[in-house]
Amino acid sequence: MIHLSDIELTLFSGSIPVPILRGINAQIETGSRVSIVGPSGSGKSSLLAILGGIERPTGGTVEIDGVDFASLDEDGLALFRRGRIGILFQSFHLIPTMTAAENVRLPLEIAGDDDIRGKAAEALADVGLEHRADHYPGQLSGGEQQRVGIARSLIIRPSLLLADEPTGNLDGTTGRQIIDLIFKMQDRHSITMILVTHDRALAEACDQRFEMSDGRLRRCEDVATQAVRA
């Protein structure tokens, strides 16, 4: 379960405060598939950064799996993120000097896992890339690189997956294949997934849908109701 209560984020441009998030409230059930849509600059990626423990809110509370982020220092937050949160990026963020297998193994190496090779091989097989384990990112297609990214983000068996425009750099056909794979893996492991996307059709495939505008988050059902009343 994820609870967000009155989340605020204000950054500074010199001495001028710039509000990024303005009173975000949400409750997300464990194992659900959630989409967030909205224009560029509306605060979607900033909200994911707060959910991932990468950015601290300037106000409000974040609680995931019963853990209040405010109760954790930076080391505690890093440990929580390392063990329970997977992050999937639009631009893959693979290390170019590492093979696919080495990229996938990286979270386990950081965590001090004893079976990094076996688990990485299994993770690559899950995304259909066991035959590309020794290839470097530059030798892989965009879809293959994102499959490596999926394997890396899920190898720790996270309870929460944050996906920030995971198909943004892919063509339509490859993007659909990647989303099908993400949804399949999410279902298999009962992971809570929060997906930021510009694709309205993709957003509609999720259990719970939100729209973000000017730093404010609203359920899409609420937005539709307001539009009808207007």
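Presented here is an overview of the structure given in this document. Keep in mind the model is a prediction, meaning the values are calculated, not measured. (Residues numbered from 1 in each chain as written. Predicted model: local features only at pLDDT ≥ 70, side-chain atom pairs only at ≥ 80, totals over all residues. Heavy atoms only, no water.)

**What about the packing of helix α3 (residues 100-111) against helix α5 (residues 142-154)?**
Using the following cut-off: Under this scheme, a helix contributes an axis fitted over its contacting stretch, all axes are lines through C-alpha atoms, and angles between N-to-C directions fall in the 0 to 180 degree range. Secondary structure elements are taken from DSSP: a helix is a run of H or I of four residues or more, a strand is a run of E of two residues or more, and numbering for both begins at the N terminus. Here roughly perpendicular refers to angles of 65 to 115 degrees, roughly parallel to angles under 35, roughly antiparallel to angles over 145, and oblique to all remaining angles. Here is the rule for handedness: rotate from the far helix to the near one, and if that takes an anticlockwise turn smaller than a right angle the crossing is left-handed, while a clockwise turn gives right-handed. For this analysis, residues touch if any pair of their heavy atoms sits within 4.5 Å. Note on residue classes: Ala, Val, Leu, Ile, Met, Phe, Trp, Tyr, Cys and Pro are nonpolar, Asp, Glu, Lys and Arg are charged, and everything else, Gly too, is polar.
Contact geometry for α3 and α5: axes closest at 7 Å, N-to-C directions at 25°. For the element pair α3 / α5, the angle class is roughly parallel. At the point where α3 passes α5, the crossing takes the right-handed sense. Only V148, A151 and R152 of α5 make contact with α3, whose side of the interface consists of A100, N103, V104 and P107. Classifying every residue of the contact of α3 with α5 gives 5 nonpolar, 1 polar and 1 charged.

**Observations regarding the nonpolar core**
Test applied: Throughout, nonpolar core names a set of buried Ala, Val, Leu, Ile, Met, Phe, Trp, Tyr and Cys residues whose side chains join them through atoms within 4.5 Å. Three exposure classes are used, based on accessible area relative to the maximum for each residue type with a 1.4 Å probe and protein chains only: buried under 20%, partly exposed in between, and exposed over 50%.
Membership of the largest hydrophobic core comes to 35 residues, with the highest contact counts inside it found for V104, L124, V148, I150, I155, L161 and I182. Breaking this core down by element, the ones donating at least two residues are α3, α4 (116-126), α5, β7 (160-164), α6 (172-189) and β8 (192-196). Among the elements that make up this core, the one with the highest residue count is α6 (6 residues). Contact partners of I155, with chain neighbours within four places excluded, come to V104, P107, L108, K119, A120 and A123. Listed in part, the 29 residues of the second largest apolar core include L21, I24, I36 and I64.

**Section: the packing of aromatic side chains**
Inclusion rule: Side-chain rings of Phe, Tyr and Trp (the six-membered ring for Trp) are treated as a pair once their centres are within 6.5 Å; stacked means planes under 30 degrees apart, edge-to-face means over 60, and tilted covers the remaining angles. Whether a charge lies above a ring is judged from NZ of Lys or CZ of Arg, which has to be within 6 Å of the ring centre and within 35 degrees of the ring normal.
Applying the stated criterion to the full structure yields 1 aromatic pair. Each ring, one from F69 and one from F80, has its centre 5.4 Å from the other, and the planes form 75°; the classification is edge-to-face. Residue F69 is located in the loop between β5 (67-68) and α2 (74-84), and its partner F80 is located in helix α2; the two are separated by 11 residues in the primary sequence. As far as the burial class goes, F69 and F80 line up, both buried. Cation over ring: R33 sits above F183, and NZ or CZ is 3.8 Å from the ring centre. Sitting above the plane of the F210 ring, R219 keeps its charged end 6.0 Å from the centroid.

**A few points about the pattern of salt bridges**
Note the cut-off: We define a salt bridge as a contact between a side-chain nitrogen of Lys or Arg and a carboxyl oxygen of Asp or Glu at a distance within 4 Å.
This structure, assessed with the given rule, holds 10 salt bridges. Of the charged contacts in the structure, one is a salt bridge between R22 and D214, with a shortest N-O distance of 3.5 Å. Of this pair, R22 sits in strand β2 (residues 16-28) while D214 sits in the loop between β9 (208-213) and β10 (216-219), and the two are 192 residues apart along the sequence. R188 is paired through a salt bridge with D126; the nearest N and O atoms lie 3.5 Å apart. You can see R188 sitting in helix α6 and its partner D126 sitting in helix α4, a full 62 residues away along the chain. A relative accessible area of 42% means that R188 is categorised as partly exposed.

**A short note on unusual backbone geometry**
Across residues other than glycine, the phi torsion is negative in most instances, and most of the peptide bonds are trans. Positive phi is not limited to glycine here, since R157 has a value of about 55°. Mapping R157 onto the fold places it in the loop between α5 and β7. With phi around 50°, S190 is a residue other than glycine that occupies positive phi space. Of note, S190 is situated in the loop between α6 and β8. We classify S190 as exposed; its relative accessible area is 54%.

Purely spatial values, then, with no claim about function.
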